[in-house]
Amino acid sequence: MIVGNPYVDPFTNNLSQFQTWYDHGLLPWPLYQDYVKHCHQRKNQYTTKCLFLMDLMYDEMGKGINPYGLDYPVCLEHKFKFAQMKKALNTNNAVPMSTSPAANAYVVIDTNTGKIAVDSHNVQINPKTAFSSQAQQLMNQTSVSYGASVDKGPPFTPPEDIYFPCQSNHLAAYLNRDDVVEALHANIDTLPWKSCSDRIHYSTTDTLAPQVELYSEILMAMEDYPFEMMIFSGDDDSICSLAGTQAWIWEVGASWKEKNVWNPWVVGNQTAGYLTQFDVPASKNGTKGSFTLATIHGAGHEVPAYRPMEALTMLRKFLAGKWKL
C-alpha cells in the first residue's frame, strides 16, 4: 500500500497549508499570527473570522505561486487557451503558436514523419522556443532533447529532474481531442474533461471527516494480513503538506523505531529526503508487515512530476523490500 501526500485530517491539513506558506516567506507575520491566534482550534476553523483570514492569505500569496510546488514556476502560456488548442488539434494537424510574433503562425505536424514544421508566413521562428516541450511531446508524439533551455526544470533541481509547468494544461487538451475521446469511449455529454471537475459533487460531511482512525484500523489489520505500507510526502507541497502529515502520523498508533527515525536517504550523492520506520504488530503466524514514512526533498504534490529520479528510486527500493528494517 502506497499513499502520497495524503489528505487525512482536514483541520491539520488547513493549518499546515498556511504554516508552509508562511515558512516559505509567502505571508506577512502580522496576518499569519492573526490566523494562528483565532483559528488554531477545531471549533473555530470555519468561523466567519477564519474564513475571512484565509481569503486574505490567498490574496496575499497571489496567483503567481504554485501551491502544489511552492518553489516551482507556474504555467505562463496564458494565450494558449484550452479551447483554441483543442480546436487546432482537431483541424488539419495545425497548432497555433501562442508565443509566436506572427499572429497567424502555425506549427504543422507532418503525419508521415512525425516531425514539426513551421508555417509562419515567411516569419522565421524557432519551434523549440514556440511552446513548451510537453506540448511538443503530446502533439508530435516524439521525444525531445532535454538540452534546450526551454526543457530544463528550475535551476536548483538535478539535471535528471525535468519539470514542465504547463503539463496539466496540455494533458487536458490532449485528453479532450476528438480522436482520444473516441479511443477512450468517453461520454461526450460530460466533456470537456478537467482534472478537478465541478461535475462531481462531494459530500461536505465526508470531505471534512478526519481519516486518522482509518489508518489506525489498517495498522491493526496487519495482525491478520501483514503487508507493506508507505506514506510518502514531497516537502514542497502546501496543499497536503509534509507538516500536515506529521501532525497525525506520529499518533496513528504505531511506535517508531528509535534508530530509524528521520534517516536521510540519498540519490546521486545528494539527500533525497528522510525515512522513518514504524513498528507494526506481528501477525498470528509470526510474520510482520512494515510501515514507512518517506519524505522527498524539493518535491511538490505530484512527486514524480517534480522529482522523477527520486520518485523512481523510492518506488524501486520500497517494492524491493530494501526499506523494510
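Since the model is a prediction, treat every value here as computed from it, not as a measurement.

Calculation criteria
- Residues numbered from 1 in each chain as written.
- Predicted model: local features only at pLDDT ≥ 70, side-chain atom pairs only at ≥ 80, totals over all residues.
- Heavy atoms only, no water.
- Helix = DSSP H or I, 4+ residues; strand = E, 2+ residues; numbered from the N terminus.
- Buried < 20%, exposed > 50% of the residue type's maximum accessible area, 1.4 Å probe, protein only.
- Pairing = 2+ DSSP bridges.
- Polar contact = N/O pair within 3.5 Å; in protein donor to acceptor, adjacent residues only side chain to side chain.
- Contact = heavy atoms within 4.5 Å.
- Phe/Tyr/Trp six-rings, centres within 6.5 Å; stacked < 30°, edge-to-face > 60°.
- Disulfide = S-S within 2.5 Å.

(A) Expanded view of unusual backbone geometry. Here the residue pair L191 and P192 is connected by a cis peptide bond, since its omega of 0° sits within 30 degrees of zero. Within the secondary structure, P192 sits in the loop between helix 7 (178-184) and helix 8 (204-207). We note that W262 has phi near 60°; this positive angle belongs to a residue other than glycine. Relative to the elements of secondary structure, W262 occurs in the loop between helix 10 (242-249) and strand 6 (263-267). Residue classification places W262 among the partly exposed residues on the basis of a relative accessible area of 29%.

(B) How the structure looks around the pairing of strand 8 (residues 290-296). Burial analysis of strand 8 places seven of its seven residues in the buried class, the great majority of the element. Because side chains alternate across strand 8, one face comprises the buried residues S290, T292, A294 and I296, and the other comprises F291, L293 and T295, equally buried. As defined by bridge partners, strand 5 (residues 228-234) adjoins strand 8 across seven bridges and the pair is classed as parallel. Its bridge partner being in strand 8, I231 is matched across the sheet by L293. When strand 7 (residues 270-278) meets strand 8, the two strands line up antiparallel, connected through four bridges. Bridge pairing links F278 to F291 in strand 8.

(C) How the structure looks around the environment of E228. Relative to the helices and strands, E228 is located in strand 5. Sequence spacing of E228 and G321 is 93 residues, and the spatial spacing of their C-alpha atoms is 8.6 Å. Of note is the side chain of E228, whose polar atom sits 2.5 Å from the side chain of S290.

(D) View of the environment of I2. The topology assignment puts I2 in strand 1 (residues 2-4). Relative accessible area serves as the criterion here: at 35%, I2 is assigned to the partly exposed category. C-alpha separation for the pair I2 and F318, spaced 316 residues apart in sequence, amounts to 9.3 Å. Ignoring any residue separated from it by four or fewer positions in sequence, one finds I2 in contact with M230, F232, L315 and F318.

(E) How the structure looks around the packing of aromatic side chains. All told, the structure shown has 13 aromatic pairs when counted by the stated rule. An angle of 15° between the planes, with centres 4.6 Å apart, marks the rings of Y163 and Y306 as stacked. Taken together, the positions of Y163 in the loop between helix 5 (133-140) and helix 6 (167-175) and Y306 in helix 11 (residues 303-306) put the pair 143 residues apart, joining distant regions of the chain. As far as burial versus exposure is concerned, Y163 and Y306 are alike and both buried. Each ring, one from Y215 and one from W248, has its centre 4.9 Å from the other, and the planes form 40°; the classification is tilted. Of this pair, Y215 sits in helix 9 (residues 212-221) while W248 sits in helix 10, and the two are 33 residues apart along the sequence. There is no split in this pair, since Y215 and W248 are both buried.

(F) The arrangement of the state of the cysteines in detail. Summed over the entire model, instances satisfying the criterion amount to two disulfides. Across the disulfide from C39 sits C50; the S-S distance is 2.1 Å. Classification of the bridge connecting C39 and C50 rests on its S-S torsion, roughly -110°, and on that basis the disulfide is left-handed. Residue C39 is located in helix 2 (residues 29-39), and its partner C50 is located in helix 3 (residues 48-61); the two are separated by eleven residues in the primary sequence. On the basis of relative accessible area, C39 is assigned to the buried category, the value being 1%. Here C75 is linked by a disulfide to C166, with a sulfur-sulfur distance of 2.1 Å. One quick way to see it: the torsion about the S-S bond of C75 and C166 is about 100°, and its sign makes the bridge right-handed. Pair noted here: C75 is in the loop between helix 3 and helix 4 (82-89) and C166 is in the loop between helix 5 and helix 6, with a separation of 91 residues, a long-range link. Taking the relative accessible area as the measure of exposure, C75 reaches 16% and is therefore buried.

So yeah, pure geometry; function would need other evidence.
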